[in-house]
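Next come the chains, spelled out residue by residue.
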Amino acid sequence: MASAAEQLAANLNFSSFANATELKKRIWFTLGALIVYRLGTYIPVPGVDATVMGQLLAQHQGGILGMFDMFTGGALGRMTVFALNIMPYISASIIVQLMSSAIPSLENLKKEGEQGRRKLNEYTRYLTVLIALFQAYGIAVGLENMHSAAGSAVIAPGLFFIVSCVVTLLGGTMFLMWLGEQITSRGVGNGISLIIFAGIVANLPHALASLFQLGYTGALSPFFVLVFLVLAAVTIAFIVFMEQAQRRVVIQYPKRQVGQRIYGGDSTHMPLKVNTAGVIPPIFASSVLLIPVTIAGFMNSASMPGWLSFLGQELGQGQPLYMLFYAAMIVFFSYFYAAVTFNPQETADNLRKQGGFIPGIRPGANTAAYFDRILTRLTTIGAAYLVAVCLLPQVLISHYNVPFYFGGTSLIIIVSVTIDTVTQIQSHLVAHQYQGLMRRARGKGRGR
């Protein structure tokens, strides 16, 4: 039997969308914010020769810097004000979440509800500033040491360039962090995810053109291009299936008699997603791997420490050590994020307070252990799915020079963010239609 919300969602049509004024404002605000973001990816950093920078990045296009450029929507290759993109904020979020699980005072903030969440967000912003300062200074110093056949990447090296470059990149990151929060609160969807999504999607036409160009010039056989496109479509369908897959835990509420009436006795379900962590593990793993390799990529080989040079070579795209670290981090962040977002003991206690129980499972500790067992199994399947989808395309990318935009990480981001945004739009439409039904019901009551 479908629930009332599911019945309302099934009856949604274009007229309900046309009448949802609040939803349309949110969509227009989101589109406007993403347009502002895309315009910012074309504003260059003062003092940088864009031609030289493009040539230098082209030499590392097959490496992890090419993936960084993909996440930034091409802003790194053009060395614009959004060259750091939102990655410092993501790194800060990782650190704060790890610390909140290890430090008791931060763990208590997580339990304080909205006020504690705001305090943790404040700490995340401060840490974002520190990480962005460090990365911006590293890029500024690295740019002064970068040279190509066309000349130096920096037109006028010196202290003034370093200060202006650091301030520009830091300001761009902080603006994107603010813009992402505005999209989340006043728009539709998660703002941070949509910014990364917009950067990837904006370059998809260029990636398709590059793929067809490889087939046209004979670098790739036309049959391989066709097979690859079919494989990409199958992968997208598989991602959609896994992102919507869930385990439904049956919840039973006992009957109770109040006076002459009997209440309760209903049966519902608690949906637990197979991929509880969503798109977070691949993004977190990519951002962590980018830190040492980015530093190595912008340093002179003569002044680079031996261990950093080794990391820069072995953590290249498609290298065995890169694949191993990438898979390990995806698995780690899958379990970590699942543990952060779902607390079996707290869920069992809330269920017992509401009078609900799982048939055949005693309330309390047994219910918490049951939830923990299910979550562990689901997370194992979800982590294996993420590792397979993210690593298998790496073989094609490293051996056949297929553009990064067809990699597993980018496809997961595109599909997951699209599903999440469409779900939120549908939720707004359901709420709008429900409010309309309530207004009509009140009107009829006044008429009687």
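Everything below is about the structure shown above.
Keep in mind that this is a model prediction, so the values were computed, not measured.

Caption draft 1: Expanded view of the packing of aromatic side chains. Inspection of every chain in the model, using the stated rule, returns 8 aromatic pairs. Here Tyr-370 and Phe-371 contribute two aromatic rings whose centre-to-centre distance is 6.5 Å and whose plane-to-plane angle is 55 degrees, an arrangement assigned as tilted. Given the relative accessible area of 16%, Tyr-370 is considered buried. The exposure class assigned to Phe-371 is buried, which follows from its relative accessible area of 0%. Cluster of aromatic residues (ring-pair linked, three or more members): Tyr-37, Phe-82, Phe-175 and Trp-178.

Caption draft 2: Up close: the nonpolar core. The biggest cluster of nonpolar side chains holds 66 residues, and the ones touching the most others in it are Ile-86, Ile-90, Val-249, Tyr-326 and Ile-412. Here this core spans two domains, and each of domain 1 (22–200) and domain 2 (219–403) adds at least three residues to it. The contacts of Ile-412, once residues within four sequence positions are left out, are Ile-239, Glu-243, Val-279, Tyr-385, Leu-386, Val-389 and Cys-390. Residues Val-45, Met-79, Leu-143 and Val-154 belong to the second largest nonpolar core, which totals 22 residues.

Caption draft 3: Summary view of the pattern of salt bridges. All told, the structure shown has 5 salt bridges when counted by the stated rule. Residue Arg-26 is joined to Glu-22 by a salt bridge in which the shortest nitrogen-to-oxygen separation is 3.7 Å. Here Arg-26 and its partner Glu-22 are both found in helix H3 (residues 21–40), 4 residues apart, which amounts to about one turn of the helix.

Caption draft 4: Geometry of the environment of Val-201. With respect to the helices and strands, Val-201 occurs in helix H11 (residues 191–202). Given the relative accessible area of 30%, Val-201 is considered partly exposed. For the pair Val-201 and Leu-411, spaced 210 residues apart in the sequence, the C-alpha separation amounts to 9.9 Å.

Caption draft 5: How the structure looks around unusual backbone geometry. The backbone phi angle of Asn-85 is positive, close to 55 degrees, even though this residue is not glycine. In this fold, Asn-85 is placed in the loop between helix H6 (75–78) and helix H7 (87–102). A relative accessible area of 1% places Asn-85 in the buried class.

Caption draft 6: Representation of helix H16 (residues 320–341) within the structure. With 22 residues, H16 extends 32 Å from end C-alpha to end C-alpha; this agrees with the ideal 32 Å at 1.5 Å per step. Of all the positions in H16, only Tyr-322, Met-323, Tyr-326, Ala-327, Met-329, Ile-330, Phe-333, Ser-334, Phe-336, Tyr-337 and Ala-338 are classed as buried.

Caption draft 7: Examining H3 more closely. In this model H3 runs 29 Å from its N-terminal to its C-terminal C-alpha over 20 residues, within 8% of the 28 Å that 1.5 Å per residue would give. Turning to H3, its buried residues are Leu-23, Arg-26, Thr-30, Ala-33, Leu-34, Tyr-37, Arg-38 and Gly-40. On an axial view of H3, the arc spanned by its buried residues comes to 160 degrees, and they lie on one face. Away from the buried face of H3 by more than 90 degrees, exposed residues Lys-25, Trp-28, Ile-35 and Leu-39 are located.

Caption draft 8: The packing of helix H10 (residues 159–186) against H11, seen in detail. Closest axis-to-axis distance for the H10/H11 pair is 7 Å, and the angle between their directions is 115 degrees. Between H10 and H11, the interaxial angle falls into the category roughly perpendicular. Across the interface between the two elements, Leu-176, Gly-180, Ile-183 and Thr-184 of H10 pack against Gly-191, Ile-192, Leu-194 and Ile-195 of H11. For the contact of H10 with H11, the per-class residue count stands at 5 nonpolar, 3 polar and no charged.

Caption draft 9: Structural detail: the environment of Ala-277. On the secondary structure map, Ala-277 appears in the loop between strand E6 (267–273) and helix H14 (280–297). Note on Ala-277: relative accessible area 6%, which makes it buried. For the pair Ala-277 and Ala-339, spaced 62 residues apart in sequence, the C-alpha separation works out to 9.2 Å. Residues contacting Ala-277, with those up to four places away along its chain left out, are Phe-333, Ser-334 and Tyr-337.

Cut-offs used in this document
- Residues numbered from 1 in each chain as written.
- Predicted model: local features only at pLDDT ≥ 70, side-chain atom pairs only at ≥ 80, totals over all residues.
- Heavy atoms only, no water.
- Phe/Tyr/Trp six-rings, centres within 6.5 Å; stacked < 30°, edge-to-face > 60°.
- Buried < 20%, exposed > 50% of the residue type's maximum accessible area, 1.4 Å probe, protein only.
- Core = buried A, V, L, I, M, F, W, Y, C linked by side-chain atoms within 4.5 Å.
- Domains from an automatic or database assignment.
- Contact = heavy atoms within 4.5 Å.
- Salt bridge = Lys/Arg side-chain N within 4 Å of Asp/Glu carboxyl O.
- Helix = DSSP H or I, 4+ residues; strand = E, 2+ residues; numbered from the N terminus.
- Expected span 1.5 Å × (residues − 1).
- Arc of directions from axis to C-beta.
- Axes fitted to C-alpha atoms, helices over the stretch in contact; angles between N-to-C directions.
- Parallel < 35°, antiparallel > 145°, perpendicular 65-115°, else oblique.
- Nonpolar A, V, L, I, M, F, W, Y, C, P; charged D, E, K, R; others polar.

Shape descriptors only; they carry no functional weight alone.
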